[in-house]
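Here are the chains, one letter per residue:
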Amino acid sequence: MVMALLGSTDNACMRIRFTKMQGAGNDFVVLDETRQPLGLSTAQYRFLADRHFGVGADQILSVRPAPAGAVDIDFSYAIHNADGQEVEHCGNGARCFVRYVRDHQLTDRDTVRVQTMNRVLTLTLQPDGRVSVDMGAPVFDLPQVPFDAAGLTPKVVNGWSTWPLELTADGQRSTVFAAVVSMGNPHAVQIVASVDTAPVLVWGPQIENHPRFVRRVNAGFMQILSRSEVRLRVYERGAGETLACGTGACAAVVAGIRLGLLGAQVDVHTHGGLLHVEWQGTADRLDAPVFLSGPATQVFEGEINLPDALPSFHLP
């Protein structure tokens, strides 16, 4: 499939190949930069992600060589949100990453180790076609999330603090309590009675841009079905609500376990499909790694012309 930008003859263009992939409906444009960097600008990442003028995606994943001098690392990869900003981590994207490098014969290994912005991930393609990711340990230290708790009074549940956030809906001010955790990227998770009626599209952007989160945050809304099953919606930083969020699923399950509401293995139902999260962490072993598994699928491949100058009115 070949895609071209309408009106692209007006500007100088570079043509690039891409692969469209999705994991539980969380969709990505994947770029191969193992031979040479593409050097795309923030505006060009935004263009690729735009669902009207570009390919359309929640995030752009760039497959890159292992860092120079790295030991026991197979690749590195960069993640850009739909707003063009580079971010730290993406669980569903990591699953698509390993399927991409296998399908495109960039490796013959079923398990690869990948360097992201702030951690190393171990990705495994399973015999049944699903992909599992060792997401590393969650981070609870508030300055590392980062979250500014100065002057706030937490609500302690099962020995763990949840934090008040002031929000507004229908002109009314509300205080919600959120569990704050990082999975390499920041998350604020709140328990709701129903994800169907939770004000995700109202509270989500307010939480994302709340001044207590100095680098913004992903806002999770979790409904507990049982100790081994939840429903989840996530309003992602820089992307809005997505059909699924892998790090959001991990953060929600970790939060549920620390709050005493969930067991160590949990099925997470998202709008885009089913994810499975396992965390054997305890109050005495908070550094246990989180494991995420679920589908990863190629949708199509193509080429697209990226203009050097992008009309600002084409972009959100």
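Heads up: these notes are all about the structure in this document. (Residues numbered from 1 in each chain as written. Predicted model: local features only at pLDDT ≥ 70, side-chain atom pairs only at ≥ 80, totals over all residues. Heavy atoms only, no water.)

Let's shift gears to empty space enclosed by the protein. One pass over the full model with this rule turns up one cavity of 30 Å³ or more. By volume, the largest cavity amounts to about 60 Å³. Looking at the largest cavity, the residues that line it are Gln59, Asn81, Val87, His89, Cys90, Asn185, Asn218, Glu236, Arg237 and Thr247. Tallied by class, the residues present in the lining of the largest cavity amount to two nonpolar, six polar and two charged. (1 Å grid on protein atoms, 1.4 Å probe; cavity = no way out; pocket = protein on both sides within 12 Å on 5 of 7 lines; lining within 4 Å. Points joined across faces, edges and corners; volume = space filled by probe spheres on them. Nonpolar A, V, L, I, M, F, W, Y, C, P; charged D, E, K, R; others polar.)

Two faces, one strand: in a regular strand the side chains alternate between the faces of the sheet. One ladder, built from four bridges, connects strand E7 (residues 120-125) with strand E8 (residues 131-134); its direction is antiparallel. Among the inter-strand pairings, Leu125 is bridged to a residue of E8, identified as Val131. Linkage of E7 to E8, two consecutive antiparallel strands, is achieved through a turn of five residues, within which Gly129 is found at a positive phi near 95 degrees. Of the pairings in the sheet, the one linking E8 to strand E18 (residues 290-294) comprises four bridges and is antiparallel in character. Bridged to Val133 within E18 is Leu292. (Pairing = 2+ DSSP bridges. Helix = DSSP H or I, 4+ residues; strand = E, 2+ residues; numbered from the N terminus.)

Among the nonpolar cores identified, the biggest contains 56 residues, and Tyr77, Phe97, Leu123, Val268, Val277 and Val290 are the most heavily contacted of them. In terms of residue count, the dominant contributor to this core is helix H4 (residues 246-258) (eight residues). Those residues in contact with Leu123 that lie beyond four places of it in its chain are Ala94, Phe97, Val98, Asp110, Thr111, Val112, Val114, Ser132 and Val133. By size, the runner-up hydrophobic cluster in this structure holds 23 residues, among which are Leu142, Phe147, Ala188 and Val192. (Core = buried A, V, L, I, M, F, W, Y, C linked by side-chain atoms within 4.5 Å. Buried < 20%, exposed > 50% of the residue type's maximum accessible area, 1.4 Å probe, protein only. Contact = heavy atoms within 4.5 Å.)

Turning our attention to the layout of surface pockets. Gaps between atoms show up when a probe of the same size as a water molecule is rolled over them. Here the largest pocket is characterised by a volume of approximately 280 Å³. The set of elements that each furnish at least two residues to the lining of the largest pocket consists of strand E1 (13-23) and strand E2 (26-32). Among the elements that make up the lining of the largest pocket, the one with the highest residue count is E1 (four residues). When grouped by side-chain class, the residues that make up the lining of the largest pocket number five nonpolar, three polar and four charged.

Keep in mind that these numbers describe shape and distance, not what the molecule does.
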